[in-house]
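Summary of the model geometry
Spelled out, the chains give:
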There are 4 protein chains.
Amino acid sequence: MAKTIAILTGGGDCPGLNAVIRGVVRAAVLQRGWRVLGIEDGFDGLVEGPRVRELDLAAISGILPRGGTILGTSNRGNPFAYPVKIGTETKLTDVSSRVLENFRKIGADALVAVGGDGTLKIARRLNDLGLPVVGVPKTIDNDLRGTDVTFGYNTAVGVVTEALDRLHTTAESHHRVMVVEVMGRDAGWIALESGIAGSADVILIPEIPFDIQRVCDAIARRRDGGNRFSIVVASEGAFPLGGGKTIQLSAEKNLGVERLGGIGRFVAAQIEGCLDMEVRVVVLGHVQRGGSPSPFDRILSSRFGVKAVELIEQGAFGKMVALQGRSVIAVDIDEAVGNLNLVDPHGELIRTAEALGIMTGR
Amino acid sequence: MAKTIAILTGGGDCPGLNAVIRGVVRAAVLQRGWRVLGIEDGFDGLVEGPRVRELDLAAISGILPRGGTILGTSNRGNPFAYPVKIGTETKLTDVSSRVLENFRKIGADALVAVGGDGTLKIARRLNDLGLPVVGVPKTIDNDLRGTDVTFGYNTAVGVVTEALDRLHTTAESHHRVMVVEVMGRDAGWIALESGIAGSADVILIPEIPFDIQRVCDAIARRRDGGNRFSIVVASEGAFPLGGGKTIQLSAEKNLGVERLGGIGRFVAAQIEGCLDMEVRVVVLGHVQRGGSPSPFDRILSSRFGVKAVELIEQGAFGKMVALQGRSVIAVDIDEAVGNLNLVDPHGELIRTAEALGIMTGR
Amino acid sequence: MAKTIAILTGGGDCPGLNAVIRGVVRAAVLQRGWRVLGIEDGFDGLVEGPRVRELDLAAISGILPRGGTILGTSNRGNPFAYPVKIGTETKLTDVSSRVLENFRKIGADALVAVGGDGTLKIARRLNDLGLPVVGVPKTIDNDLRGTDVTFGYNTAVGVVTEALDRLHTTAESHHRVMVVEVMGRDAGWIALESGIAGSADVILIPEIPFDIQRVCDAIARRRDGGNRFSIVVASEGAFPLGGGKTIQLSAEKNLGVERLGGIGRFVAAQIEGCLDMEVRVVVLGHVQRGGSPSPFDRILSSRFGVKAVELIEQGAFGKMVALQGRSVIAVDIDEAVGNLNLVDPHGELIRTAEALGIMTGR
Amino acid sequence: MAKTIAILTGGGDCPGLNAVIRGVVRAAVLQRGWRVLGIEDGFDGLVEGPRVRELDLAAISGILPRGGTILGTSNRGNPFAYPVKIGTETKLTDVSSRVLENFRKIGADALVAVGGDGTLKIARRLNDLGLPVVGVPKTIDNDLRGTDVTFGYNTAVGVVTEALDRLHTTAESHHRVMVVEVMGRDAGWIALESGIAGSADVILIPEIPFDIQRVCDAIARRRDGGNRFSIVVASEGAFPLGGGKTIQLSAEKNLGVERLGGIGRFVAAQIEGCLDMEVRVVVLGHVQRGGSPSPFDRILSSRFGVKAVELIEQGAFGKMVALQGRSVIAVDIDEAVGNLNLVDPHGELIRTAEALGIMTGR
């Protein structure tokens, strides 16, 4: 009997989502003769509706190099705490039984859940409730455990590095400091790797609260040594020693003229305060999440998609695909969720950055 | 007798400056056997010092694809109003005689001045005072008259368009508005052309004061028509109807936590005010000025450099090289300076944008 | 009464075709409330079938940055000499009456024909026969008259320049010659402009039959002067002095192991014959025709599409859109067809190349 | 006492060589106060001369994003079999004692040898003879053992993938086959990974001798299924079943009009022989070896350079830096040399390709 599987993508955007979908469909439909159903807008499409469409070979034609996800995604759709309107109020309600019912309704034998920490936690709970799930890890910030790296991250590092390359040539013409704010709420991987690749002078990450005085001193030393400019890369989640994460959070929640404006502007203002130099800010924002995935991310995504179908074939539910060394393997979803994969403040990568002469905020 | 010519680059950075320098050196040294002297940091290198170095073929090896300028540049260096410290005060002083003297000292027969409105005005005055000058127009914003286009602009449009391409794929996943702040203090060319190339939904330029209510209405119509996202591109010099340019200026001068933060954040806050949608801001800043010049800019810069040497050979001083149609020609520097090349609010390009369905703020 | 217009794309691929189609549809459907019909595979879709599909706003969503053409194209489809099978033979037959009949059948009021010399000639003849046509010029080689430049060309120059940039860094490590074969059957624009932008040492174009001995001498001089490498860019239509175009044509028609292999390999073999240096060949082929159009090409294509609809509105049939200086205007199709826009062997661009020290085969 | 170390780069070009050099210099000079000497043109600079120059911080300024190697390289320079002219004959002679002597002469305490199989073998023999060596693995083809991946490879895959992306849009317009010849003498990694990333239809690699009839059948099936085009990626070292590697070798050695022309043209001719379709060939050649290293390669190279200095500090001679999983570690040079890292014809990556529907020649 032909199998039917379903797939959904959850959480924020990430280059490579379409490549995962394509890998799943090709491995299922083309190689095995199964059917694949695409669930729209993450778990929302199973809570509501169900909103589902057939993913045949035509549906995935040409999507490999495209950013975004043809299935849509959702940040809010946690079926165990779903915003339900009761009268005029909205209350977070457990609607997981509706998800299970809808899943039966669409007639699928298993679900591929592509997403980050939140999506994978939900997937595991649904798996415990009897909905057979295989996970595919996704995080642009590279902060998931259990896998050496996730797709999308390589693309994001590429976007930031290109911006840093451009800043290098223009920064030279005046005594000037450039502050580049990049993604990374909890983990500083993007700032750290793109900072190394793009030859930043200062890298500020959430894992190492920064001492602004030392940052200013480092920039001053560069200037006094004849360097015309300095480039600072700051994770959006970086924060000053003693400052706590409030700065970043307040910026996050309240976008507006009277309010803070992100760590980039904060650091810029601090540097202008302690040094008499022009400071300019670049905020790359969602540019880092979009666009065609890099070849690395396309390959990894394709391998993840193909492997997910293999795991379903083997009945390895509750598992998640992962890259370890050169191999794509299966790990328990539990290994990935709960704890984040953070930069080790004393690990090889930070030490490499410091050996290269990069100031890391301490 | 072998000729000696000097060259300087003034004003802000612009991809293609090195290609102009290379064109001048190759046409002068290689083709004519002349000497070329490079003046450092714009007119500063003639007020001070003189700070000058020989530009032989080795000095320009490999610089064609490099952003920035090997000669450095200066924004402040107006010899007719030069900041001179007298006691504890700094006073703007006419030091043009020092420039003329230093120019005689270095023994050059003519000067190639590469720069924007400011640099070219100075060049023309110096030419009137007997220093033989040929101008090469430069403006990343494309706001100089007398030439169809200047180098650097094509590269900048490319940077913004790539960012817009990336935003398109990621914007789709949520109901969301993206505001991208781009260069263009007085002229909206970069916003307009990259907005067309990158399929923006709204383009706000200094030449058309925008009606924020109409902007919100346009975005609401898109949302109600089923579009998940809208992309707004705003020149840094754009301003609201009745608002005046004060918004932008105050942001410009005073970077700091408590203050405004540029037109991008202003527009974002306004849209959040009138629509219940998430708004995200991207500020590309100096990323637009840097990096390797596009092929178009490399060719135009090379042609400009070669033509400048031809003009010197012909004794056509007080002239500036320019592109008109397919030809690089000479025009009077006077034609370029004084009045800006602005977007015609009723011209073909704006009408094309509107025919494509782009909202232009009115 | 609402107007209905049709559009077709003919000839070889060219980045920007989709942008033209989108410009036509947006200006017609969105701005004017007209209908647009897309004819498939160039004139073939009017000879056969007719094969036609509605182009509404959904049909063109997202196509601006995509290479190729959603309508397909045809190289053979000349309705005045169409290959018709009669018995076992294929005979070129005038089937233009069928085109006129099919055009009436689909109920369109006018046709936008996007194509090169061949397509535009057919368009003009059909216009003379009473089918109201507006032309949009297209040629990757930039060899059409009547317009300063056509879309696609800028993208192609970009592809070649990027390849030349890459070759520069790797060529340096050994005494070696790199020969890069690029597009340009009759006109050398791509070789010439990308050669200038990518700092080629030798540029060979169809307009200047090359003297292989002088080419070898130039490379030898470079080597003896301490340069480790030389880069030769050759148009596919370049040919040696006295050699005639036979070399290139025989390569063109008959691809196979025993046969020639294109001008790139020919030049490489010749250089290996006269100099004791390693020679390597790069053949970029159709890579130059594909991929996302550059911002320049997207804007130009969009303007062309919008202008074509304006011309139909004005009843300006038999005209073609064109770029002259900064303006998109209308010219008679006659101005574009028949004679090619070739590189002037004594014009400013070649002289610029030579002033930069580039050897041009003579 | 301050240490002095030397560094050389051997073998073919590879993006990231400069980043390794920079990593070594920064870690040695900046962090440890050592001196670094750069040996020119691989081992040649130790056989001759010695040709050596000081690598201080200024010498490596700005080289991180640059392709090639500032030190030059050599393919021939095996000191154990060095071409020495004796009378009119050239004889391969063991000149290793001269290398040891010259190394003593320049006063270095240890050598960092960056190179592939050949360079590393030499390095290990010299280490056995008492010259303290640390190796850094380099191979554009990714065919070295002992490390998960080497720098340069990611960049090469990027170049090929971009070309394939371009071909996709243009291939669609006619019934046509595109054959792309890529690097990979012995190992098919570049063809395989870029083929997956660029959505090739057929991938031919040296590890799987191809059956041309099956290749033709696969293309015919695609055509009959309505696909307008097929893209074939072939490693330069791919060869037909029963054919042996002679085809490729004869093409390699003898470039010329009358001769073969590489596997690309061979495959194209074969396909034209069995199918009535147009076939076009793209030969990317050295474009794959050049240009700015990708962020991935810049980071890996920097880590390798920093780690090499650490190994010297620890006295871990005869070792080579390597990436395993997420860590840069040390392995014996012996682990890397002698046997190649080939694609496993039954491994996960090939199976992924086949699951995606790619034909692999068998």
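If you're wondering where the values come from, they're calculated on a predicted model, not measured in any experiment.

**A closer look at the domain arrangement of chain A**
Residue and element names in this part refer to chain A.
- When the domains of chain A are assigned, the result is domain 1 (4-151 + 291-336) and domain 2 (157-288).
- The C-alpha-based centres of domain 1 and domain 2 are spaced at 34 Å.
- At the interface, four residues of domain 1 touch seven residues of domain 2.
- Approximately 460 Å² of surface area, both sides summed, lies buried where domain 1 meets domain 2, with 53% of it carried by carbon and sulfur atoms.
- Where domain 1 meets domain 2, there are zero salt bridges.
- Here domain 1 and domain 2 share one residue pair in polar contact (both at pLDDT 80 or more) between them.
- By residue class, the composition of the side of domain 1 that touches domain 2 is one nonpolar, one polar and two charged.

**Re the UniProt feature "active site" (unreviewed entry) in chain A**
Residue and element names in this part refer to chain A.
- Here, the residues flagged by UniProt with the feature "active site" (unreviewed entry) are Asp 141.
- Assignment of secondary structure puts Asp 141 in the loop between strand E7 (133-137) and helix H5 (153-171).
- Each residue touching Asp 141, except ones within four places of it in the same chain, is listed here: Tyr 153, Met 183, Gly 184, Arg 185, Ala 187, Trp 189 and Ile 190.

**Notes on unusual backbone geometry**
- The omega torsion across Gly 49 of chain C and Pro 50 of chain C is 15°, close enough to zero to call that bond cis.
- Its place among the elements puts Pro 50 of chain C in the loop between helix H2 (44-47) and strand E3 (52-54).
- Although it is not a glycine, Asp 41 of chain A adopts a positive phi angle of roughly 60°.
- For Asp 41 of chain A, the location among the structural elements is in the loop between strand E2 (35-39) and helix H2 (44-47).
- With a relative accessible area of 10%, Asp 41 of chain A lands in the buried category.

**Concerning the state of the cysteines**
Residues and elements named next belong to chain B.
- For the structure shown, the criterion picks out four disulfides over all chains.
- There is a disulfide in this structure between Cys 216 and Cys 274, and the S-S distance comes to 1.7 Å. Note that Cys 216 is positioned in helix H7 (residues 212-224) and Cys 274 in helix H9 (residues 262-274), a separation of 58 residues in sequence.
- For Cys 216, a relative accessible area of 1% translates into the label buried.

Criteria and cut-off values
- Residues numbered from 1 in each chain as written.
- Chains lettered and ligands numbered in written order.
- Predicted model: local features only at pLDDT ≥ 70, side-chain atom pairs only at ≥ 80, totals over all residues.
- Heavy atoms only, no water.
- Domains from an automatic or database assignment.
- Contact = heavy atoms within 4.5 Å.
- Buried area = accessible area lost by both parts, 1.4 Å probe.
- Salt bridge = Lys/Arg side-chain N within 4 Å of Asp/Glu carboxyl O.
- Polar contact = N/O pair within 3.5 Å; in protein donor to acceptor, adjacent residues only side chain to side chain.
- Nonpolar A, V, L, I, M, F, W, Y, C, P; charged D, E, K, R; others polar.
- UniProt positions renumbered as here; feature names shortened; annotations may be inferred.
- Helix = DSSP H or I, 4+ residues; strand = E, 2+ residues; numbered from the N terminus.
- Buried < 20%, exposed > 50% of the residue type's maximum accessible area, 1.4 Å probe, protein only.
- Disulfide = S-S within 2.5 Å.

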